Amino acid sequence: NAGVMQNPRHLVRRRGQEARLRCSPVKGHSHVYWYRQLPEEGLKFMVYLQKENIIDESGMPKERFSAEFPKEGPSILRIQQVVRGDSAAYFCASSLGLFRSYNEQFFGPGTRLTVL
Amino acid sequence: ELKVEQNPLFLSMQEGKNYTIYCNYSTTSDRLYWYRQDPGKSLESLFVLLSNGAVKQEGRLMASLDTKARLSTLHITAAVHDLSATYFCAVDSPSNSGGSNYKLTFGKGTLLTVNP
């Protein structure tokens with residue numbers, strides 16, 4: 001069984017470029033979460049998506065960041081006009097999303113973004 | 001806003017010794033998760049604690065949850081070098097939309113180093 005897959009694993013961008021991070025959830029999972037981890041920090045929630053819907057984007061910066069989870073294909077986290085402060089590890093997680101049950105999330109290997 | 005605090009943030013232990021990592025959180029929740037992260041790697045789920053008084057053990061690690069005190073502990077017994085990693089606790093919190101699934105709020109992590 002394949003777990004959560006993310007690519008690329010490492011991404012280097014120059015300031016002002018765009019970064020696209022991809023996440024394929026565990027097969028059968030329809031709930032996807034993106035988290036950001038700054039050096040020596042815990043993970044911070046960014047956005048929660050279900051197929052074709054953004055459910056909660058309260059952790060996303062208001063500008064330059066967007067996320068989608070289309071009906072077909074992986075979830076995409078897009079960062080436009082990257083700045084050095086965007087350098088971080090970005091983790092995707094997925095879950096079955098059972099109502100009123102615990103929500104164990106399975107994490108991907110992460111994409112480590114470096115902005116030069 | 002839910003806050004999760006771990007302590008200590010850094011822990012250096014001798015092999016064979018015992019120690020406890022503490023995780024406090026600020027609002028009512030009865031779902032708490034412990035994860036392990038090795039350097040440059042993703043998060044590995046260790047324990048899911050779902051009710052007051054829950055205790056789970058795996059090898060040299062034991063986790064417990066006291067929802068009244070809003071406290072979870074991760075106890076390490078007779079530490080070995082292989083346990084060296086960063087340990088995170090995370091707490092469920094309802095999404096802003098009130099939907100049926102939850103985002104995780106993480107502590108900053110405890111960097112555990114076990115010395116021979």
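Presented here is an overview of the structure given in this document.

Criteria and cut-off values
Residues numbered from 1 in each chain as written. Chains lettered and ligands numbered in written order. Predicted model: local features only at pLDDT ≥ 70, side-chain atom pairs only at ≥ 80, totals over all residues. Heavy atoms only, no water. Pairing = 2+ DSSP bridges. Helix = DSSP H or I, 4+ residues; strand = E, 2+ residues; numbered from the N terminus. Axes fitted to C-alpha atoms, helices over the stretch in contact; angles between N-to-C directions. Core = buried A, V, L, I, M, F, W, Y, C linked by side-chain atoms within 4.5 Å. Buried < 20%, exposed > 50% of the residue type's maximum accessible area, 1.4 Å probe, protein only. Contact = heavy atoms within 4.5 Å. Salt bridge = Lys/Arg side-chain N within 4 Å of Asp/Glu carboxyl O. Disulfide = S-S within 2.5 Å. Polar contact = N/O pair within 3.5 Å; in protein donor to acceptor, adjacent residues only side chain to side chain. 1 Å grid on protein atoms, 1.4 Å probe; cavity = no way out; pocket = protein on both sides within 12 Å on 5 of 7 lines; lining within 4 Å. Points joined across faces, edges and corners; volume = space filled by probe spheres on them. Nonpolar A, V, L, I, M, F, W, Y, C, P; charged D, E, K, R; others polar.

Brief notes about the sheet that holds strand β7 (residues 65-68) of chain A
Residue and element names in this part refer to chain A.
Link 1 in the chain: Overall, antiparallel pairing links the 4 strands, which are arranged β1-β3-β8-β7 in an open sheet. Across the chains shown, the open sheet's two edge strands, defined by having one partner strand only, are β1 (5-7) and β7. Ignoring strand direction, the axes of neighbouring strands in this sheet form an average angle of 15°.
Link 2 in the chain: Taken together, the 3 bridges between β1 and strand β3 (residues 19-24) define a ladder with antiparallel strand orientation.

Quick look at the nonpolar core
Link 1 in the chain: Ranked by internal contacts, the top residues of the largest apolar core, which has 25 residues, are Leu32, Trp34, Leu74, Ile76, Tyr87 and Leu112 of chain B.
Link 2 in the chain: Those elements giving two or more residues to this core turn out to be β2 (10-14), β3 (19-25), β4 (32-37), β5 (43-49), β7 (61-66), β8 (71-76), β9 (85-94) and β11 (110-115) of chain B.
Link 3 in the chain: In terms of residue count, the dominant contributor to this core is β9 of chain B (4 residues).
Link 4 in the chain: Leaving out residues up to four positions away in the same chain, Ile76 of chain B has contacts with Met13, Lys17, Asn18, Tyr19, Ile21, Arg60, Leu61, Leu83 and Leu112 of chain B.
Link 5 in the chain: Cys23, Met60, Leu77 and Tyr90 of chain A belong to the second largest nonpolar core, which has 23 residues in total.

Here we look at the pattern of salt bridges
Link 1 in the chain: For the structure shown, the criterion picks out 5 salt bridges over all chains.
Link 2 in the chain: Here Glu18 of chain A makes a salt bridge to Arg20 of chain A, at a shortest N to O gap of 2.9 Å.
Link 3 in the chain: Among the ionic pairs, Asp38 of chain B bridges to Arg36 of chain B, the shortest N-O distance being 3.0 Å.
Link 4 in the chain: Residue classification places Asp38 of chain B among the partly exposed positions, given a relative accessible area of 26%.
Link 5 in the chain: Look at Arg36 of chain B and you get buried, because its relative accessible area is 14%.

Focus: the state of the cysteines
Residue and element names in this part refer to chain A.
Link 1 in the chain: Within this structure, the stated rule accounts for 2 disulfides over all chains.
Link 2 in the chain: Two residues share a disulfide in this structure: Cys23 and Cys92, whose sulfurs sit 1.8 Å from each other. One quick way to see it: the torsion about the S-S bond of Cys23 and Cys92 is about -55°, and its sign makes the bridge left-handed. Separated by 69 residues along the polypeptide, Cys23 in strand β3 and Cys92 in strand β9 (residues 88-95) bring together distant segments of the chain.
Link 3 in the chain: For Cys23, a relative accessible area of 0% puts it in the buried group.

A short note on the interface of chain B and chain A
Link 1 in the chain: Counting residues at the interface gives 24 residues for chain B and 27 residues for chain A.
Link 2 in the chain: Our enumeration of links across chain B and chain A arrives at 0 salt bridges.
Link 3 in the chain: For the interface between chain B and chain A, the tally reads 7 residue pairs in polar contact (both at pLDDT 80 or more).
Link 4 in the chain: Of all elements in the fold, only β4, β5, β9 and β10 (102-106) of chain B reach the threshold of two or more residues within the side of chain B that touches chain A.
Link 5 in the chain: It is β10 of chain B that contributes the most residues to the side of chain B that touches chain A, 4 residues altogether.

Here we look at the layout of surface pockets
A probe as big as a water molecule, rolled over the atoms, marks out the empty space that is left.
Link 1 in the chain: Taken as a whole, the largest pocket holds about 520 Å³ of empty space.
Link 2 in the chain: If you go around the largest pocket, you meet 23 residues; those closest to its centre are Gln37, Glu40 and Glu41 of chain A together with Gln37 and Thr86 of chain B.
Link 3 in the chain: For the lining of the largest pocket, the secondary structure elements donating two or more residues are β9 of chain A together with β9 and β11 of chain B.
Link 4 in the chain: Top contributing element to the lining of the largest pocket by residue count: β9 of chain B, with 3 residues.
Link 5 in the chain: Classifying every residue of the lining of the largest pocket gives 10 nonpolar, 7 polar and 6 charged.
Link 6 in the chain: Of the voids in this model, the second largest pocket is the one considered here, and its volume is about 450 Å³.
Link 7 in the chain: Surrounding the second largest pocket, 18 residues form its lining, Lys44 of chain A together with Glu1, Leu2, Thr105 and Phe106 of chain B being those nearest its centre.

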